[in-house]
Each structure stands twice: as C-alpha cells, then as structure tokens.
Amino acid sequence: MTKAEPAVAPAARRPGSQLDELQLRGVSRAYGAHTALQPLELTVRGGEFVALLGPSGCGKTTALNCLAGLLPLTSGEILLDGKRIDTLPPEKRGFGMVFQNYALFPHLTVRANIAFGLKMRGVSRSETARRVEDVLRLVHLTEQAHKHPGRLSGGQQQRVAIARAIVMEPPLVLMDEPLSNLDAALRLEMRSEIRRIHQEFGLTTLYVTHDQEEALSLADRLVVLREGRVSQIGTPAELYEHPADAHVAAFMGYRNLLPLRVVSADADGALAEGRGIRLRGTPVGELDPHAGQSVTVAVRPEDLRIAEEGEEGVAEAVAEIVEYHGRVQHVEAVTRDGHRLHLKTGRHVRPGDPLSVAVDPERALFFPDLGQPAEEVTP
Ligand code: ATP
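All of these numbers come straight from a predicted model, not from anything done at the bench.

## Observations concerning the overall build of the protein chain
Now for step 1: Broken down by element type, the protein chain carries nine helices and 20 strands.
Now for step 2: Its C-alpha atoms give the protein chain principal-axis dimensions of roughly 75 × 45 × 40 Å.
Now for step 3: Across the 379 residues of the protein chain, 51% fall into the buried class.
Now for step 4: Considering only contacts in the protein chain between residues 6 or more positions apart, those separated by 24 or more positions represent 68%.
Now for step 5: Only carbon and sulfur atoms are counted for the fraction: they give 50% of the accessible area of the protein chain, which is about 18200 Å².

Structure (structure tokens):
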C-alpha cells in the first residue's frame, strides 16, 4: 500500500452515500392525548451527521423510532430520495441501528455477529467474508474477530454493534445514545471513533443524545428539541454563538441564566438589573426590550470574569465553591442578594474571597423571560 492510499480498502467504503436526501415532512407522533413529537420538518443530506439533542422526555427517541419504522407516525411523511418510506416496515427501510444496549449474540464470535445480517439476506459466502473483513478493519477489531462478545470491553462491544449495522451498507444509520453505557474515558474515545467511522465509511448518521458536548463534537448539524418541538436547527457554531432562546442557551453551556428587569434600552443594547446585578447586554432575535420588562440574561461561565483594577463590575459577590481544573478554576459565587453566579477564571480564588465580576456586553445575551415561576426579581 502506498502512502496515498486510504487506510480503509476502497471496497469497504460506501460508494459515496447511497442517500441523497432524507426528508421528514410534518412528522408527528402522539401517545393517546399526549403529543410526544410535534410536526417535525427536517432534511438530512447524504453524508451528514445530524444529532437530535434535548433533555429527557423531549421526544428524541420517539423521532428516531418513527424514522426506523418501529413506531407509526400520527401524521406527516418520510421521503428517502423522493420516495415515501413511512409506510414500509423497518426491515424494508434497511436502516442501520445502534442502541445503548448492544444486543450482540453472546454465543457467536465477533466475526459471526457481524456476518449474521448478510447471511440472513442471502449474500454469498465470499462477498460476506470480504465485507466482514473490511468492516472489521474499519472498526479496528480484526484482532478480536475470533472472540465472543463476553470477552470484549464495553467499547469493543459497541464497535461490534456499529460494524454489524454498517456491514449492511445502510442508506442511513440511526444511533440512540450509543455511548451512555460506557465510562467517561471510553465515551470520549468512542466518540471520536464514531466520527471517524462515519467519515471513512461515508455514512449518513442520525444520532440521539441528551449530552450537548457529545452532540457539538460529533454532529455537522444539531436539532435541539424541547417538549416535542424543535427549538433550533443549526451547525454547532451557529447554536453555540447564536442560541435562539434561553433554553437552547442553557443547553449550549450558558450556565448563568439571570432573571433581570430592563432599566433602559437603546440602539447599542440594553441595561438590566436585579438581585444585586446590573449589566449591559445584547438583545437576541425578536426581543425588543423596554424599561420594566422581565428578561433572562444568559452568560457563559467563561465569559463572566473577575473585574480588572479600576473596572466597574456588574455584581459584587463572594466565592463559595472553588473547583480546581488545572489552568482554570470553576467558581460559584453568591451575590449579596443571594444569586448564584458561575465563572471560570485563571486567577487564584479561595472560598470566602470577595469578587467583583464583569462581563462584556456582547457576551451577555438578552432573551425573553424564561417564564418559569421564577423567583421574584426586585431591582
Ligand atoms: P429519553 O432521553 O429519556 O429517552 P426522549 O427525549 O427520547 O427521552 P421520548 O422517549 O421520545 O423522549 O418520549 C417523549 C415523551 O413521550 C415523554 O413525555 C414520554 O413520557 C412519552 N412517551 C414515550 N413513549 C411512550 C409510550 N409508549 N406511551 C406513552 N407515552 C410515551
């Protein structure tokens, strides 16, 4: 093999992605009177990695199961390259599926587990052997191929589950929280493995997770769901930089969600205060702030900093909990009025230290009030 050749034999690669476009048009699902998934509009392009992200109960698994054909739709349609597939049973859709429980056959070797589906489909012995060996190489399991699943680590078992799905050369791979049974270190390792396999095999992948870090690091695009509705669809950078609402912001790591009241607003931004905090910030989206209005101001811990000498802070607080994270410390500080602030700082802080905290106005995003039965804000 020369250096210019890919690590995976071309035969193991999908001949491009067989899928050009998957369209979900108004796909919804109700359980009795409860609508778990409101009409969902989504187009997935061939080769894309799309993550469905949201808290428990937001409808992610329901959406995936509707796609897989495990659940009938209440309304809407699903088109694969223009052809309706939502009326087809799961096996006719031919999607690959990887779940958190690997569901491997314990009495079969790794090789036989991967070959199983091809055998069932009546693929010839020689073709099966070739495809299985190619996929084994791709998931780095050639050395383990003769073993039974019981002798493999969790990460290796998960790789067998992925191999078993992709050896069928499915137009779409559906993954439902595939890493949630792995420990933290293995999770990180498998995360990059999944991305590598997706790329090298030219897969189109739909991936369900409640873990924003996982979604941000894996996906080309994210669909953020909340209570069965899409909050926002976008690239990781779009969602991280421009969250559409305070819920998406919370999911994207804006840990400080401050319930404040607008004091004044002009073309340059708005000023709000409450709970011993007084700050200037940037209204987002449709928000047209006016004096007296309740808003939720979102600030990331890494954007909340200790004020420079002579700089006027946005709040005076006392450090309560200090966690050591190498170069930075994670600090929880409480304002005089009892509001808890989260900040990351490179400075050395000890519990009990008084802090004046600051934030640049473009880093404080003003959203409509979250509408929680929130604590009363008294400016
Ligand atoms: P999780 O991350 O906890 O799996 P999820 O985002 O995947 O959550 P779903 O499993 O899709 O959420 O569930 C969405 C909503 O539908 C929830 O309110 C759930 O209680 C409800 N639900 C799910 N399955 C059923 C069912 N078979 N019958 C009735 N309600 C259901």
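## Details of helix H4 (residues 125–138)
Now for step 1: Taking 1.5 Å per residue as the helical rise, H4 with its 14 residues ought to reach 20 Å, and the 20 Å between its terminal C-alpha atoms agrees with that figure.
Now for step 2: Within H4, the full set of buried residues consists of Thr128, Arg131, Val132, Asp134, Val135, Leu136 and Leu138.
Now for step 3: Among the structural elements, helix H3 (110–120), helix H5 (154–166) and helix H6 (184–200) are those in contact with the buried residues of H4.
Now for step 4: Looking one or two residues beyond H4, the residue adopting positive phi is histidine 140, at roughly 60°.

## Some details on the state of the cysteines
Now for step 1: Summed over the entire model, instances satisfying the criterion amount to zero disulfides.
Now for step 2: Between cysteine 58, a free cysteine, and cysteine 66, which holds the nearest cysteine sulfur, the sulfur-to-sulfur gap is 13 Å.
Now for step 3: Overall, the relative accessible area of 1% leaves cysteine 58 in the buried class.

## A closer look at the sheet that holds strand E10 (residues 229–234)
Now for step 1: Strand order in the open sheet formed by six strands is E6-E7-E8-E3-E9-E10, and the pairing between neighbours is mixed. Both outer strands of the open sheet, strand E6 (96–99) and E10, are each paired with one neighbouring strand and no more. Going across the sheet, the axis of each strand differs from the next one's by a mean of 15°, ignoring polarity.
Now for step 2: Pairing analysis gives four bridges linking strand E3 (residues 49–53) to strand E9 (residues 221–226), with the strands arranged parallel. Opposite leucine 52, over in E9, you have valine 223 as the bridge partner.
Now for step 3: Contacting E6 and strand E7 (173–176), H5 runs over the sheet at an angle of about 165° to E6.

## Notes on the site of the ligand
Now for step 1: Taken together, Tyr31, His34, Ala36, Pro55, Ser56, Gly57, Cys58, Gly59, Lys60, Thr61 and Thr62 make up the full set of residues adjacent to the ligand.
Now for step 2: Separating a nitrogen atom of the ligand from a side-chain N or O atom of tyrosine 31 is a distance of 3.5 Å.
Now for step 3: Contact between the ligand and histidine 34: an oxygen atom at 3.3 Å from a side-chain N or O atom of the residue.
Now for step 4: Bound to the protein, the ligand loses 56% of the 630 Å² it would expose on its own.
Now for step 5: Those elements that place two or more of their residues in the shell around the ligand are strand E2 (34–45) and helix H1 (60–68).

## Focus on the pattern of salt bridges
Now for step 1: Considering all chains together, one arrives at 27 salt bridges under this definition.
Now for step 2: The partner of arginine 300 in a salt bridge is aspartate 303, with the nearest N and O atoms 3.6 Å apart. Accessibility assignment for this pair places arginine 300 and aspartate 303 in one class, buried.
Now for step 3: For arginine 305, the salt bridge is made with glutamate 311, and the minimal N-O distance between the two is 2.9 Å.
Now for step 4: A residue is classified by how much of its surface remains accessible, and glutamate 311, at 29% relative accessible area, is partly exposed.
Now for step 5: One salt-bridge network, held together by shared partners, links Glu127, Arg130, Arg131, Asp134, Arg137 and Glu169.

## Thoughts on the nonpolar core
It is characteristic of soluble globular proteins that their nonpolar side chains tend to be buried jointly.
Now for step 1: Ile114, Ile166, Ile194, Leu222 and Met252 are the most contacted members of the largest nonpolar core, which totals 55 residues.
Now for step 2: A total of six residues in this core trace back to one element, the largest contributor, which is H5.
Now for step 3: Two domains share this core, each providing at least three of its residues, namely domain 1 (10–95 + 170–246) and domain 2 (254–370).
Now for step 4: Apart from the residues lying within four places of it in its own chain, the contact partners of isoleucine 194 are Phe49, Ile162, Met175, Pro178, Leu179, Tyr207 and Leu218.

## A closer look at the environment of leucine 188
Now for step 1: Along the chain, leucine 188 turns up in helix H6.
Now for step 2: Classification of leucine 188 as partly exposed rests on a relative accessible area of 49%.
Now for step 3: With 26 residues separating them in the primary sequence, leucine 188 and glutamate 214 have C-alpha atoms 8.5 Å apart.

## Observations concerning the packing of H3 against H5
Now for step 1: Two elements in contact, H3 and H5, have axes whose closest approach is 8 Å; the angle formed by their N-to-C orientations is 30°. Taken together, the axis directions place H3 and H5 in an arrangement best described as roughly parallel. Relative to H5, H3 is oriented so that their crossing is right-handed. Here H3 contributes Val110, Asn113 and Ile114 to the contact with H5, which in turn contributes Val160, Ala163 and Arg164.
Now for step 2: Class assignment of the residues belonging to the contact of H3 with H5 gives a composition of four nonpolar, one polar and one charged.

## What to know about the domain arrangement of the protein chain
Now for step 1: For the protein chain, the domain assignment lists domain 1 (10–95 + 170–246) and domain 2 (254–370).
Now for step 2: Placing a centre on the C-alpha atoms of domain 1 and another on those of domain 2 gives a separation of 35 Å.
Now for step 3: Counting residues at the interface gives six residues for domain 1 and 10 residues for domain 2.
Now for step 4: When the two sides are added together, the surface that domain 1 and domain 2 hide from each other amounts to roughly 570 Å², 59% of it contributed by carbon and sulfur.
Now for step 5: In terms of surface lost to domain 2, no three residues of domain 1 exceed Tyr240, Pro243 and Ala246, which account for 81% of the buried area on that side.

Thresholds applied
- Residues numbered from 1 in each chain as written.
- Predicted model: local features only at pLDDT ≥ 70, side-chain atom pairs only at ≥ 80, totals over all residues.
- Heavy atoms only, no water.
- Helix = DSSP H or I, 4+ residues; strand = E, 2+ residues; numbered from the N terminus.
- Buried < 20%, exposed > 50% of the residue type's maximum accessible area, 1.4 Å probe, protein only.
- Contact = heavy atoms within 4.5 Å.
- Areas by Shrake-Rupley, 256 points an atom, 1.4 Å probe, with all protein chains shown as cover.
- Expected span 1.5 Å × (residues − 1).
- Disulfide = S-S within 2.5 Å.
- Pairing = 2+ DSSP bridges.
- Axes fitted to C-alpha atoms, helices over the stretch in contact; angles between N-to-C directions.
- Near = heavy atom within 4 Å.
- Polar contact = N/O pair within 3.5 Å; in protein donor to acceptor, adjacent residues only side chain to side chain.
- Salt bridge = Lys/Arg side-chain N within 4 Å of Asp/Glu carboxyl O.
- Core = buried A, V, L, I, M, F, W, Y, C linked by side-chain atoms within 4.5 Å.
- Domains from an automatic or database assignment.
- Parallel < 35°, antiparallel > 145°, perpendicular 65-115°, else oblique.
- Left-handed = near helix turned anticlockwise from the far one by under 90°.
- Nonpolar A, V, L, I, M, F, W, Y, C, P; charged D, E, K, R; others polar.
- Buried area = accessible area lost by both parts, 1.4 Å probe.

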